[in-house]
Amino acid sequence: MSDERWVWGVGLATTADDGTVLDTWYPSPEAGRIPLGFDPAMPPDALDRLAVPDARRAVTVEVVTLEVDLAAPPTSTSDAYLRLHALSHRIVAPNEVNLDGIFGHLPNVAWTNAGPMHPDTLTRQRPFLAREGIQLQGLDKFPRLLDYVTPPGVRIADASRVRLGAYLSPGTTVMHEGFVNFNAGTLGQSMVEGRISQGVVVGDGSDIGGGASIMGTLSGGGTHKVSIGARTLLGANAGIGISLGDDCVVEAGLYVTAGSKIVVADEPPRADGSRVTVKGAELSGLDGILFRRNSLTGAIEAVRRIGHGVTLNEALHA
């Protein structure tokens, strides 16, 4: 495998008093292998000075140097965190990293405003932590993106709505109710007011409307990774379980899945008066389609669109 499919970094690993590695922060991961002549025993001073224990959280912090083969599955917590950092630092794009079995290497962590803790320690030391002003912010396997990476050129209104491992391109705006999971994100300027699930990528100039939902592949046994093309609008409170191509629109409030029965409204009726109907999967990934619900019959219809789709506010996404 070429060096381009490797990533390496020097980071700080936080370990609980029972030996559980809680997280690893890599300030500046890089593509490739560890350079020849680099001495892991001589970490950067800026990191070495931060490698101090925190008795309040019952954790120790140590410097780690690691390189990982992105085509192989994760082998440790520090390995898993390096992969998530590589995504959020835009070293690799979603679905270009092997994340098989990653949940098994990510312990459930009590995320506090002072850093990660073992959940059992938090329960045991809760009164002391309260006196110290340490508050619980979440209990999860994945931390918030902004606690580890500040992606340039991106706006995130609510830090709790974007996980580490999200890939956000410059010009992306994630509003307060927007959500971006790990191994998912935007490939250009985008407005995100809905949910982008794991494995989903959104093309340049697209708008994920308020309350909209994009199905991923973590549940339901699906294998198709949904994607959205460029200049496409997923209307408010709409949802999709199929891919959308460029210049598409899904009407507000409409949910389109692979099994949805969709009338091809551009096709003339058959001799018996029936309409040409297909499953949503047959339209997956096609460009220039408007998905709407007929207000009289209630049927989902697909209509061919001409020209470009949505246009984002350039000042908002500059």
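Naming follows an unreviewed UniProt entry, where the protein appears as 2,3,4,5-tetrahydropyridine-2,6-dicarboxylate N-succinyltransferase of Microbacterium gallinarum. Under the heading Subcellular location (unreviewed entry), UniProt records this for the protein: "Cytoplasm". Per UniProt, the protein carries the Sequence similarities (unreviewed entry) text "Belongs to the type 2 tetrahydrodipicolinate N-succinyltransferase family."

Enquirer: Account for the nonpolar core, naming residues and giving values.
Expert: With 62 residues, the main nonpolar core has I214, L234, V250 and F291 as its most contacted residues. Broken down by element, this core gets its largest block of residues, six residues, from helix α2 (residues 77-88). Beyond its immediate chain neighbours, meaning those up to four positions away, L234 contacts D207, I208, G209, A212, S213, I214, I228, G239, I240 and V250.

Enquirer: An account of the environment of L70 is needed here, citing residue identities and associated values.
Expert: Relative to the helices and strands, L70 is located in the loop between β4 (59-69) and α2. Along the sequence, L70 and N183 sit 113 residues apart, while their C-alpha atoms lie 13 Å from each other. In this view, L70 contacts R5, W6, V7, R83, V92, V97 and N98; residues no more than four positions away in its chain are not counted.

Enquirer: Any chance you could break down the sheet that holds strand β13 (residues 191-192) for me, citing the residues and the numbers?
Expert: The 10 strands are arranged β8-β10-β13-β16-β19-β21-β25-β26-β23-β24 in an open sheet whose pairing can be described as mixed. Looking at which strands have only one partner, the edges of the open sheet turn out to be β8 (155-156) and β24 (277-279).

Enquirer: Can you break down helix α3 (residues 119-131) residue by residue, with the values?
Expert: With 13 residues, α3 ought to run about 18 Å at 1.5 Å a step, and its terminal C-alpha atoms sit 18 Å apart, in line with that. Of all the bends in α3, the greatest, near 75°, is centred on Q125, and the proline P127 appears no more than four residues after it. Of the residues making up α3, those classed as buried are P119, T121, L122, Q125 and L129. Those residues of α3 that are buried lie in contact with β5 (109-112), β6 (115-117) and β7 (136-140). Downstream of α3 by a residue or two, G133 has a phi angle that is positive, lying close to 80°.

Enquirer: Go over the sheet that holds strand β11 (residues 179-180) with me, naming the residues and quoting the values.
Expert: Spatial strand order, β11-β14-β17-β20-β22: five strands in an open sheet with parallel pairing. Strands at the two margins of the open sheet, each flanked by one partner only, are β11 and β22 (255-256). Taken together, the two bridges between β11 and strand β14 (residues 195-196) define a ladder with parallel strand orientation. Residue pairing in the sheet places F179 in a bridge with R195 of β14.

Enquirer: Can you tell me about unusual backbone geometry, naming the residues and giving the values?
Expert: One non-glycine residue with positive phi stands out, namely R90, at about 65°. Even without a glycine there, the phi angle at N183 is positive, about 55°. Note on placement: N183 falls in the loop between β11 and β12 (184-186).

Basis of the calculations
Residues numbered from 1 in each chain as written. Predicted model: local features only at pLDDT ≥ 70, side-chain atom pairs only at ≥ 80, totals over all residues. Heavy atoms only, no water. UniProt positions renumbered as here; feature names shortened; annotations may be inferred. Core = buried A, V, L, I, M, F, W, Y, C linked by side-chain atoms within 4.5 Å. Buried < 20%, exposed > 50% of the residue type's maximum accessible area, 1.4 Å probe, protein only. Helix = DSSP H or I, 4+ residues; strand = E, 2+ residues; numbered from the N terminus. Contact = heavy atoms within 4.5 Å. Pairing = 2+ DSSP bridges. Expected span 1.5 Å × (residues − 1). Bend = angle between axes of the 7 residues up to and from the residue.

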